[in-house]
Amino acid sequence: MSSKIKEYRGTEIGLDEVKAGKYLFTNYDTVLRYSWTSGVAISRFLSGLKEGQLWARKCNNCGRTLIPPRMYCEECYRPTDEWVRVKDTGTVNTFSISYVNNDASRRKKPILVSVIDIDGASPGMGILHLLGGVEPKKVRVGMKVKAVWKKKSEREGAITDIDHFEPA
Ligand SMILES: [Zn+2]
């Protein structure tokens, strides 16, 4: 470890300070504004969602079609080569029946969270999304599903432009 790293170590918080509440506070009025770039691949992916399309990247070296798309193939250690439009249908790879909301509160009616392998992409390439239009007990790995898109006027270039996937 160089001495330079030591200079930027920060300040240790002692147990006494924690017990005294020195570093604990609650402020629900805080408004945080921030922006970031999604990068070339995800920007195109999100723009596609707004149009009701799913776009993937193909690596011509290994032949894989990657979704979500990335500009670099992690198997070949080289840039991917081309954009490929894939279908908005797929297969349930795995799923979970969740009785917990994003804020960790309990739900009475479960949500079905699934990884869906997208048709036209390579096996194991898929997206995490919600399943709907199906009873939790009827969901199966290998089940064919299709995207249920929000109305075009409601889409905003987000993964939530697909409301959910339902049995095909
Ligand atoms: Zn590759």
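Asks: Got a minute to help me understand the overall build of the protein in this structure?
Replies: Counting its secondary structure elements, the protein contains three helices and 10 strands. Rg of the C-alpha trace for the protein: 22 Å, well past the compact-globule value of 15 Å for 168 residues, more than 25% over. Across the 168 residues in the protein, those meeting the buried criterion constitute 19%. A fraction of 50% describes how many contacts in the protein between residues 6 or more apart in sequence connect residues 24 or more apart.

Asks: Just to check I follow, could you spell out the nonpolar core for this structure?
Replies: In summary, soluble globular proteins display a tendency toward joint burial of nonpolar side chains. By size, the foremost hydrophobic cluster in this structure holds 21 residues, and its most contacted members are A56, L66, I67, V86, I116, I118 and A121. When residues of this core are traced back to their parent elements, those giving at least two are α3 (39–50), β1 (54–58), β7 (106–118), β8 (126–131), β9 (144–149) and β10 (162–167). Among all residues touching L66, those that are not within four sequence positions of it are A56, R57, C59, T80, A121 and M125.

Asks: Is there a simple way to think about the environment of I111 in this case?
Replies: With respect to the helices and strands, I111 occurs in strand β7. Since 17 C-beta atoms lie within 10 Å of it, I111 is described here as partly exposed. Along the chain, I111 and S98 lie 13 residues apart, while their C-alpha atoms are 5.3 Å from each other. Once residues lying within four places of it in the same chain are set aside, the contact partners of I111 are S98 and L130.

The rules behind the values
Residues numbered from 1 in each chain as written. Predicted model: local features only at pLDDT ≥ 70, side-chain atom pairs only at ≥ 80, totals over all residues. Helix = DSSP H or I, 4+ residues; strand = E, 2+ residues; numbered from the N terminus. Rg over C-alpha atoms; globule rule 2.2 N^0.38 Å. Buried ≥ 20, exposed ≤ 12 C-beta atoms within 10 Å, placed from the backbone. Contact = placed C-beta atoms within 7 Å. Core = buried A, V, L, I, M, F, W, Y, C linked by C-beta atoms within 7 Å.

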